[in-house]
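# Structural overview
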Amino acid sequence: MQVLNMGGHLRSLATDGETEVIAGDSQMLYSTNLTNWARGTIDRVRGTYNDVTYGNGLWVAVGENFTLTSTNGRQWTDKFLTNNPNLQSVGIGNGLFVAGGIAGRILTSSDGVNWTNTASLTTNMITDIIHFNGSFFATVGLVFPNRNRSEGVIISANGVDWTTWSEVLPLEVSLHGITASADTLFAVGDYGWAVGYIYRYGQIAAPTVDLHRDSQQLEITLPERPCRKAAAARRAAQASARGSRPKRRISRGQIVPRNRLFSRGSGCGRGDHEVY
């Protein structure tokens, strides 16, 4: 593992296949070998750069009230944004840059310089954006100590018109990041500071596990692997059998091997999730 002592937080990493760029506190770093890093030149440094992406031959980074653009990842041009969007994330697809921020703010741009406000479906924070299979997917997070319900993931085919994901998240669960693998999306988040969530969007029947905090231990229930249509019957059977069935307990910090996890909930369709 390489440790970069560049000062300040490093928040996002992107590549164009030849150059890697890191966005951080008042700085943009670049490297062509992932070993030697240098600071890029910014015409006007304004503060924290939260995310960076590459597309259309252009690097775009976003921050609180500004964006940066670069053609080579080394020299950056600053653009101030009005109306205080406080941008947290940026993605690109179909030639369009889409950025998201606090209060559900979503902006679009074809050149990374001129941005247009877009109607959003949430007043929560847009934490990450990815383009996948022809659509934009954005994760939604809560600003602590918000005790409401997050929309989880919102979806758009064009970056302008958005719909909500069918999965309903539990109260106080926030999603913070999203990535793609083959034909499946993975979104990660948490419930407060205690429990981590992994959500899948796609046709996959992967193992999940249900964890419940019990004092200083985590209690795991390992049922069979049912389909969504049998979930109600399974929960009723679990409730009646829970008193007699032994439950596995793990102390805080103990590793649970993946091959010992079994399915929970809707283990054979969209909207499956894991809890860690």
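Predicted, not measured: the structure shown is a model, and the values here were computed from it.

## A short note on the sheet that holds strand β10 (residues 87–93)
Strand order in the open sheet formed by 4 strands is β10-β11-β12-β13, with antiparallel pairing between adjacent strands. Two strands in the sheet have a free side with no partner beyond their single neighbour: β10 and β13 (116–118). On average, each strand axis in the sheet is tilted by 30 degrees relative to the strand beside it, whichever way the strands run. Across 3 bridges, the pairing between strand β12 (residues 106–109) and β13 is antiparallel. Within β13, the residue paired with Thr108 across the bridge is Thr116.

## A closer look at the confidence of the model for the chain
Looking at the chain as a whole, the pLDDT averages 77, with 67% of positions reaching at least 70. Across residues 203–230, where pLDDT falls below 50, the model places 86 contacts with residues more than four positions away in sequence or in other chains. Below a pLDDT of 50 lies the segment residues 244–276, which in the model reaches 101 contacts outside its immediate sequence neighbourhood of four places, other chains included.

## So, the packing of aromatic side chains
Applying the stated criterion across every chain, the model contains 3 aromatic pairs. Judged by centre distance (5.4 Å) and plane angle (75 degrees), the ring pair of Tyr49 and Phe66 falls under edge-to-face. One end of the pair, Tyr49, is in strand β6 (residues 49–55); the other, Phe66, is in strand β8 (residues 66–70), with 17 residues separating them in the sequence. The exposure class of Phe66 is buried, given its relative accessible area of 3%. With a centroid separation of 4.9 Å and 55 degrees between ring planes, the pair formed by Tyr54 and Trp59 is classed as tilted. Given the relative accessible area of 28%, Tyr54 is considered partly exposed.

## Topic: the environment of Glu151
With respect to the secondary-structure elements, Glu151 resides in the loop between β15 (135–141) and β16 (153–156). Note on Glu151: relative accessible area 21%, which makes it partly exposed. The contacts of Glu151, once residues within four sequence positions are left out, are Leu121, Thr122, Asn124, Val140 and Thr164. At 2.7 Å, the side chain of Glu151 and the side chain of Thr122 are in polar contact. Of the polar contacts made by the side chain of Glu151, one reaches the side chain of Asn124; its length is 3.2 Å.

## What to know about the side chain of Thr184
Following the sequence through the fold, Thr184 ends up in strand β19 (residues 184–191). In terms of polar contacts, Thr184 uses its side chain to reach the side chain of Asp183, at 3.2 Å.

## A few points about the pairing of β16
A two-sided burial pattern is seen for β16, the buried positions comprising Val153 and Ile155 on one face and Ile154 and Ser156 on the other. Strand direction decides the pairing type here: β15 and β16, joined by 4 bridges, are antiparallel. Across the sheet, the residue bridging to Ala138 is Ile154, located in β16. What sits between β16 and strand β17 (residues 162–164) in their antiparallel hairpin is a turn of 5 residues, with Gly159 showing a positive phi close to 80 degrees.

## A short note on the sheet that holds β16
As summarised here, the arrangement of the 4 strands in space is β14-β15-β16-β17, forming an open sheet in which the pairing is antiparallel. Here the strands that pair on one side only, and so sit at the sheet edges, are β14 (125–132) and β17. Taking the axes of each pair of neighbouring strands and ignoring which way they run, one obtains an average angle of 25 degrees across the sheet. One ladder, built from 7 bridges, connects β14 with β15; its direction is antiparallel. The residue of β15 that forms the bridge with His131 is Phe136.

## Some words on the side chain of Asp128
Relative to the assigned elements, Asp128 resides in strand β14. No salt bridge is formed by the buried Asp128; its nearest oppositely charged neighbour, Arg11, is found at 13 Å. In this structure the side chain of Asp128 is engaged in a polar contact, spanning 2.9 Å, whose partner is the backbone nitrogen of Ile178. If near-sequence neighbours (up to four positions away) are discounted, Asp128 is found in contact with Asp51, Ser89, Phe137, Ala138, Thr139, His176, Gly177 and Ile178.

## Some details on the pattern of salt bridges
As enumerated under the stated definition, the model contains 2 salt bridges in all. Residues Arg11 and Asp25 are paired through a salt bridge, measuring 2.9 Å at the closest nitrogen-oxygen approach. In this pair, Arg11 is assigned in strand β1 (residues 10–15) and Asp25 in the loop between β2 (20–24) and β3 (27–31), connecting sequence segments 14 residues apart. A salt bridge links Asp78 to Arg46, with the nearest nitrogen and oxygen atoms 2.6 Å apart. Of this pair, Asp78 sits in strand β9 (residues 75–80) while Arg46 sits in the loop between β5 (41–42) and β6; the two residues are 32 residues apart in sequence, bridging distant segments of the chain.

Rules behind the numbers
Residues numbered from 1 in each chain as written. Predicted model: local features only at pLDDT ≥ 70, side-chain atom pairs only at ≥ 80, totals over all residues. Heavy atoms only, no water. Pairing = 2+ DSSP bridges. Helix = DSSP H or I, 4+ residues; strand = E, 2+ residues; numbered from the N terminus. Axes fitted to C-alpha atoms, helices over the stretch in contact; angles between N-to-C directions. pLDDT = per-residue confidence, 0-100. Contact = heavy atoms within 4.5 Å. Phe/Tyr/Trp six-rings, centres within 6.5 Å; stacked < 30°, edge-to-face > 60°. Buried < 20%, exposed > 50% of the residue type's maximum accessible area, 1.4 Å probe, protein only. Polar contact = N/O pair within 3.5 Å; in protein donor to acceptor, adjacent residues only side chain to side chain. Lys, Arg positive; Asp, Glu negative; His and termini not counted. Salt bridge = Lys/Arg side-chain N within 4 Å of Asp/Glu carboxyl O.

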